Amino acid sequence: VLVVPEEQAAHLAADAVTAALQRAVAERGRAVLGIATGGSPLRLYRALGERVRAGEVDASLLQGFLLDEYVGLPAGHAESYREVVRRDLQVHVPLADHAVLGPDPHTGDHAAAALAYEEAIAAAGGVDVQVLGIGGNGHLAFNEPGSPFDSRTRLVELAPRTREDNARYFGGDVSAVPVAALTQGLATIAAARELVLVASGAAKAQALAAALEGPVDVACPASLLQLHPRATVVLDPAAASLL
Ligand code: GLP
């Protein structure tokens with residue numbers, strides 16, 4: 001766990017992500033990046049873009065997998081995570097569109113789409129480094145409290161707190177936030193070879209204290225970080241204030 005001012009946090013997290021991607025490229029000639037959405041990783045993605053421009057990572061060797069995707073938005077909706085990733089990540093780190101995959105919410109068969117997504121991740125050789133944020137209720141991706149640690153990609157219902165938290169991306173209108181999503185499961189996330197979680201602000205302090213110092217329990221999905229052999233957590237002082 002690293003606690004540094006927010007401006008530095010993105011660079012430290014980018015160090016960890018870059019090193020993991022470089023290791024994978026050295027070993028296998030390519031690397032797989034696990035992509036989180038939300039406000040938390042924005043500076044990290046910008047910092048990662050600087051590393052790519054500096055030649056530290058070759059974006060053409062990267063493949064990206066989203067953590068989750070809303071169900072119920074029309075294809076191409078500005079707040080669908082596939083579109084968010086275009087704006088927030090691909091603008092900085094020029095991953096080709098075909099090299100970025102998320103769970104497909106438009107197939108009409110969510111169970112089959114979830115399985116296909118697990119298979120796509122496996123076919124890519126698994127995720128080398130997974131970027132993570134944390135929900136105010138301790139969720140990871142859209143694994144809400146109570147999600148089993150052995151869960152895989154599946155259809156989930158969003159917690160009321162999550163919909164309220166995310167209403168800011170839908171013009172403040174909670175009723176516009178989808179009620180369901182396809183999300184990687186906790187076991188899917190834990191299978192990444194390395195995890196890098198970034199968080200800032202006092203609103204995340206309680207969830208982080210529970211995740212990092214509380215019991216490993218499904219009441220706080222992010223407590224799975226305690227079980228992972230290579231997990232880096234980069235926090236600003238406000239987010240770390242209850243540790
Ligand atoms: C969202 C996403 C998560 C994200 C979290 C925090 O609902 N599904 O992957 O980590 O909530 O979001 P933010 O970083 O905007 O606070």
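Look a little higher up for the structure.
Residues numbered from 1 in each chain as written. Predicted model: local features only at pLDDT ≥ 70, side-chain atom pairs only at ≥ 80, totals over all residues.

1. Some points on the site of the ligand
Operational definition: In this entry, near means the residue's backbone-placed C-beta atom lies within 6 Å of the molecule or strand. Just so you know the grouping, Ala, Val, Leu, Ile, Met, Phe, Trp, Tyr, Cys and Pro go in nonpolar, Asp, Glu, Lys and Arg go in charged, and all remaining residues, Gly too, go in polar.
Taken together, 14 residues form the shell around the ligand, and within it Gly38, Gly39, Ser40, Gly133 and Gly135 come nearest. Residues of the shell around the ligand, tallied by class, amount to five nonpolar, eight polar and one charged.

2. Some details on the nonpolar core
Note the following rule: When buried Ala, Val, Leu, Ile, Met, Phe, Trp, Tyr and Cys residues are joined through C-beta atoms within 7 Å, the set is termed a nonpolar core. Residue burial here comes from a neighbour count, namely the number of other C-beta atoms, placed from the backbone, that lie within 10 Å of the residue's own C-beta, with 20 or more meaning buried, 12 or fewer meaning exposed, and in between meaning partly exposed. Secondary structure follows DSSP: runs of H or I at least 4 residues long count as helices, runs of E at least 2 residues long count as strands, and numbering of each begins at the N terminus. Distance between backbone-placed C-beta atoms decides contact: two residues are in contact if it is within 7 Å.
Counting residues in each nonpolar core, the largest one holds 72 residues, and the members touching the most others are Ala13, Val17 and Val196. The dominant element in this core, judged by the number of residues it contributes, is helix 1 (residues 6–28), at nine residues. Among all residues touching Ala13, those that are not within four sequence positions of it are Leu44, Val196, Val198 and Val234.

3. Digging into the sheet that holds strand 1 (residues 2–3)
The line we're drawing: Between any two strands, at least two bridges found by DSSP are needed for them to pair.
The seven strands are arranged 1-10-9-6-2-3-5 in an open sheet whose pairing can be described as parallel. Each edge of the open sheet carries a strand with a single partner, namely strand 1 and strand 5 (100–101). When strand 9 (residues 195–199) meets strand 10 (residues 231–235), the two strands line up parallel, connected through five bridges. From the neighbouring strand, Ala199 faces strand 10, where its bridge partner is Leu235.

4. Description of the environment of Arg82
Residue position: Arg82 is located in helix 3 (residues 81–90). The spatial distance from the C-alpha of Arg82 to the C-alpha of Ala14 is 22 Å, given a sequence separation of 68 residues. In this structure, Arg82 is in contact with Leu66, Glu69 and Gly102, ignoring residues within four places of it in sequence.

5. Examining the pairing of strand 8 (residues 180–183)
It is a general feature of regular strands that their side chains alternate between the two faces of the sheet. Judged from the four bridges that link them, strand 4 (residues 68–71) and strand 8 form a sheet pairing that is antiparallel. Note on strand 8: the bridge partner recorded for Glu69 is Leu182.

6. What about the sheet that holds strand 4?
Condition: Fitted lines through C-alpha atoms serve as axes, helices being fitted only where they are in contact, and the angles separating the N-to-C directions of these axes extend from 0 to 180 degrees.
One open sheet holds the three strands; their spatial order is 4-8-7, and the pairing between them is antiparallel. Sheet topology places strand 4 and strand 7 (154–157) at the edges, where each strand pairs with a single neighbour. Averaged over all adjacent pairs, the angle separating strand axes in this sheet is 30°, with direction ignored.

7. Details of unusual backbone geometry
Residue Ala141 is not a glycine yet carries a positive backbone phi of 50°. Locating Ala141 in the fold gives a position in the loop between strand 6 (129–132) and strand 7.

8. With respect to the environment of Glu69
As for its position among the elements, Glu69 is in strand 4. Given 26 C-beta atoms within 10 Å, Glu69 falls into the buried group. Linking Glu69 and Glu79, residues 10 residues apart in sequence, is a C-alpha distance of 9.7 Å.

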